[in-house]
Amino acid sequence: MGIIGYIKDEMQIIKERDPAIKTPFEVFLYPSFKAIIRYRIAHKLYQKKHYLLARWYSQRTVRKTGIEIHPGATIGKGLFIDHGHGVVIGETAIVGDNVTLYQGVTLGGTGKETGKRHPTIGNNVMISAGAKILGSFSVGENSKIGAGSVVLSEIPPNSTVVGVPGRVVKRDNVKIPREDMDQVHLPDPVYNDLIRLQQENVRLTQELKQVCERLQKIEEKKLNNDNNNEINK
Ligand SMILES: CC(C)(COP(=O)(O)OP(=O)(O)OC[C@H]1O[C@@H](n2cnc3c(N)ncnc32)[C@H](O)[C@@H]1OP(=O)(O)O)[C@@H](O)C(=O)NCCC(=O)NCCS
């Protein structure tokens, strides 16, 4: 997409998500607009392994906008960062399409992980002012993270999360009663699938063992019959 198309898209995104905008050309004043366009350039430099140049460019962006997006981060289409100051997006973070972030959001690491250290944010997620998402888990698509929350583990899609540590208070727009709420063990679909596959594997192994035993018995019976026939002859 050319620069004109990109600017038109940005104007549309900001008009849709910030009721404060009055004229389309205000888009040029938004730190989000500058930060994302400059991130795309820095990311290209990073991909071509010009790491120092990429970091230098990205750090200049921080001084101009107050938004720090590491050039190694992967950012989808339609990201909007409202106000922007204090936003930090780490090197191995992955941000899906049409994500909205407010000022003071951190997509960071806990300092305990290596390799992929930062979160993966699904499509259409909104992360409110000052929220911190720390670790290499995923935030499911269409979720909302409340202002000031600290999220430390996997969030299923279509959830509203609030508090420190972040807990799911709504799923599919339905409130979860506090007494039913397991704040620690949020559902992990991948883990559940693995457990189901493991159980299935044990069942199939047992069935196969039974079939083999039956087959062996039939073969032994047939051998005995053949021997008896031989003797009778
Ligand atoms: C989380 C948020 C997005 C609301 O989502 P929602 O799905 O409409 O959820 P609700 O408003 O129904 O709130 C659900 C529960 O969470 C609580 N809650 C909402 N936001 C909260 C927050 N930031 N911290 C703690 N609790 C919060 C509500 O009081 C409610 O509790 P209850 O069930 O005991 O009454 C919103 O409250 C929020 O944090 N918005 C901030 C947006 C922002 O950053 N604006 C900055 C503009 S500059």
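Residues numbered from 1 in each chain as written. Predicted model: local features only at pLDDT ≥ 70, side-chain atom pairs only at ≥ 80, totals over all residues.

## Some thoughts on the site of the ligand
In the region of the ligand, 14 residues are neighbours, and Ser-128, Ala-129, Gly-146, Thr-160 and Val-162 sit closest. Secondary structure elements with two or more residues in the shell around the ligand: β14 (159-162) and β15 (167-171). Grouping the amino acids of the shell around the ligand by side-chain chemistry returns 5 nonpolar, 6 polar and 3 charged. (Near = placed C-beta within 6 Å. Helix = DSSP H or I, 4+ residues; strand = E, 2+ residues; numbered from the N terminus. Nonpolar A, V, L, I, M, F, W, Y, C, P; charged D, E, K, R; others polar.)

## As for the domain arrangement of the protein
The domain boundaries assigned to the protein delineate domain 1 (3-187) and domain 2 (188-233). Each of domain 1 and domain 2 has a C-alpha centre, and these two points are 54 Å apart. (Domains from an automatic or database assignment.)

## Some details on the sheet that holds strand β2 (residues 74-75)
Taken in spatial order, the 4 strands make up an open sheet running β2-β5-β8-β11, and their pairing is parallel. Looking at which strands have only one partner, the edges of the open sheet turn out to be β2 and β11 (138-139). In this structure, strand β8 (residues 120-121) lies alongside β11, joined through 2 bridges in parallel fashion. Within β11, the position partnered with Thr-120 by the bridge is Ser-138. (Pairing = 2+ DSSP bridges.)

## A word on the nonpolar core
Ile-81, Ile-89, Leu-101, Val-105, Ile-127, Ile-133 and Ile-145 are the most contacted members of the largest nonpolar core, which totals 37 residues. Listing elements by their share of this core, those giving two or more residues are α2 (31-47), β1 (67-69), β3 (80-81), β4 (87-89), β9 (126-127) and β10 (132-134). If one sorts the elements of this core by residue count, α2 sits on top with 6 residues. Contact partners of Ile-89, with chain neighbours within four places excluded, come to Glu-68, Ile-69, His-70, Ala-73, Val-95 and Leu-107. (Core = buried A, V, L, I, M, F, W, Y, C linked by C-beta atoms within 7 Å. Buried ≥ 20, exposed ≤ 12 C-beta atoms within 10 Å, placed from the backbone. Contact = placed C-beta atoms within 7 Å.)

## Details of unusual backbone geometry
Across the junction of Val-164 and Pro-165, the peptide omega takes the value -5 degrees, indicating a cis bond. Even without being glycine, Asn-124 reaches a positive phi, approximately 60 degrees. Residue placement: Asn-124 occurs in the loop between β8 and β9. Positive phi values are uncommon outside glycine, yet Asn-158 reaches one of about 60 degrees. Turning to its location among the elements, Asn-158 is positioned in the loop between β13 (150-151) and β14.

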